[in-house]
Amino acid sequence: MRHLLDPTDLSIEEIDLLMNRALDIIARPEAYSESCHGKKLATLFYEPSTRTRLSFTAAMMELGGQVLGFSDARSSSVSKGETVADTVRVVSCFADIIAMRHYKEGAPRVAADYSRIPIINAGDGGHSHPTQTLTDLLTIRRELGHFDHLTIGLCGDLKYGRTVHSLIKAMNRYEGTRFVLISPKELRLPDYMKQELKDNYVEVSTLEEAMPMVDVLYMTRVQQERFADLQEYERLKDTFILDEAKMALGRKQMIVLHPLPRVNEITVGVDNDPRAAYFRQVENGKFVRMALIYTLLKWKEEGVVSAANKDIQVYEDGGQRCSNDRCITATEPVQQQVYRDKDGVLRCRYCDHAI
Ligand code: NCD
């Protein structure tokens, strides 16, 4: 059975298929309005969210399906100490597909191991956020028309920003992609993510330097909830602010994306610039989630199995433990499993950190 836990679970061809499906939904919404009639989506959100959860809900409703779930884990049996594995076994009896957001990295992977229905990762800790990436890709496709030979500027919290990590993994597979990394040194891209890149990136220390180089500027919020030390958050949160003066340095054809919510990293004056695509991006998120739900349910019926990630082998517990304290293996009684990546590095199967 197919799940979507990481953007690389999808081959490039499958990403194209989802983009084309989303474009068809935009062109002919009435053709899809009953396509999930009688189906139920469970939204299991262990961490706050507005747009992602509402976007999933709206998507399922527009496909003619229904939605159940929780948006606050404290009001569910999780507060009684239930594991992700047990919650998912139970919810598998009530729904046809699950969208899960969790503060622990790799929690949706554990869910997939125990689920009888497809799992969509709606964001796990600082690790991955594949449906935001599909949203970003659909926006790039609609705004710029292609994915090849693009220079992507990534600005803000590159350390904990799961949207950034997923976008890098997805865009890195296209011909001629280059990345410009713009962050305070404390929030630089983690090493395990840098290993994904070869020599196709530069790090710069100001937005002014980056602006003339980029086709896409991906702005992100410095995420208060990921900091153990609030003083450090206060010190870093205003480092990079995109305003109209900086926009004047950018190319005419560039676009600005942001997964939202915005705090203060883009001034409201930028919103009126036609290159500011972040509110159009939100709407694309609904269409691409419709395409995804529709496709995963169809694949389940047809018995389609994974085409990507064939080279990843899972090793049973070799004695090593994952040292990432944000990993689901730190809190739930899951068996440690590891795999070797294409460079031979041993990694945790749940959160991808090197062991
Ligand atoms: C992002 C997230 O949750 O990772 N938001 C979203 O899903 N649209 C980014 C963020 O919260 O900063």
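Residues numbered from 1 in each chain as written. Predicted model: local features only at pLDDT ≥ 70, side-chain atom pairs only at ≥ 80, totals over all residues. Heavy atoms only, no water.

**Details of the overall build of the protein**
Helix and strand counts for the protein stand at 11 helices and 11 strands. Expected size for 355 residues packed as a compact globule is a radius of gyration near 20 Å; at 20 Å, the protein falls within 12% of this value. Expressed as lengths along the three principal axes of its C-alpha atoms, the size of the protein is roughly 55 × 55 × 40 Å. Looking at the 355 residues of the protein, the share that counts as buried comes to 55%. Taking all contacts inside the protein whose residues are at least 6 apart in sequence as the whole, residues at least 24 apart take part in 70%. By element, 49% of the accessible surface of the protein is carried by carbon and sulfur atoms, the whole surface being about 15,300 Å². Each charge sign in the protein was given a centre, from 46 positive and 51 negative side chains, and these centres are 2 Å apart. (Helix = DSSP H or I, 4+ residues; strand = E, 2+ residues; numbered from the N terminus. Rg over C-alpha atoms; globule rule 2.2 N^0.38 Å. Buried < 20%, exposed > 50% of the residue type's maximum accessible area, 1.4 Å probe, protein only. Contact = heavy atoms within 4.5 Å. Areas by Shrake-Rupley, 256 points an atom, 1.4 Å probe, with all protein chains shown as cover. Lys, Arg positive; Asp, Glu negative; His and termini not counted. Charge placed at Lys NZ, Arg CZ, Asp CG, Glu CD.)

**Things to note about the sheet that holds strand S9 (residues 255-257)**
Strand order across the open sheet formed by five strands is S7-S6-S5-S8-S9, with parallel pairing between neighbours. The open sheet has two free edges, formed respectively by strand S7 (201-204) and S9, since each of these has just one partner strand. Put simply, the sheet's adjacent strands are angled 20° from each other on average, direction ignored. When strand S8 (residues 216-219) meets S9, the two strands line up parallel, connected through three bridges. Counted as the bridge partner of Leu-217 is Val-256 from S9. Strand contacts of helix H5 (residues 130-144): S8 and S9, with the helix running at about 165° to S9, the strand carrying the most contacts. Packing against the sheet, helix H6 (residues 162-171) makes contact with strand S5 (151-155), strand S6 (178-182) and S8, and its axis sits at approximately 165° to S5. (Pairing = 2+ DSSP bridges. Axes fitted to C-alpha atoms, helices over the stretch in contact; angles between N-to-C directions.)

**A closer look at the domain arrangement of the protein**
Considered domain by domain, the protein is made up of domain 1 (7-129 + 284-302), domain 2 (131-281) and domain 3 (314-355). Of the residues lining the interface, 33 residues belong to domain 1; the matching set on domain 2 comes to 28 residues. For the pair domain 1 and domain 2, the two sides together bury roughly 2,600 Å², of which 55% comes from carbon and sulfur. Of all residues in domain 1, Met-19, His-129 and Asn-284 bury the most surface against domain 2, accounting for 27% of the area lost on that side. Linking domain 1 to domain 2 there are one salt bridge. (Domains from an automatic or database assignment. Buried area = accessible area lost by both parts, 1.4 Å probe. Salt bridge = Lys/Arg side-chain N within 4 Å of Asp/Glu carboxyl O.)

**Points about the side chain of Glu-265**
Residue position: Glu-265 is located in the loop between S9 and helix H11 (278-302). At 6.2 Å, Arg-221 is the nearest oppositely charged side chain to Glu-265, a buried residue that forms no salt bridge. Within the structure, Glu-265 has its side chain in polar contact with the backbone nitrogen of Val-263 (distance 3.1 Å). Discounting chain neighbours no more than four positions away, the residues touching Glu-265 are Met-219, Thr-220, Arg-221, Phe-240, Ile-241, Leu-242 and His-258. (Polar contact = N/O pair within 3.5 Å; in protein donor to acceptor, adjacent residues only side chain to side chain.)

**Some remarks on the packing of helix H3 (residues 84-91) against helix H4 (residues 107-114)**
As a packed pair, H3 and H4 sit with axes 8 Å apart at the nearest point and diverge in direction by 50°. With respect to H4, the axis of H3 lies oblique. The two elements H3 and H4 cross, and the hand of that crossing is right-handed. Counting all contacts with H3, which are made through Val-84, Ala-85, Val-88 and Arg-89, the residues of H4 involved are Ala-107, Val-110, Ala-111 and Tyr-114. Its residues assigned to classes, the contact of H3 with H4 shows seven nonpolar, no polar and one charged. (Parallel < 35°, antiparallel > 145°, perpendicular 65-115°, else oblique. Left-handed = near helix turned anticlockwise from the far one by under 90°. Nonpolar A, V, L, I, M, F, W, Y, C, P; charged D, E, K, R; others polar.)

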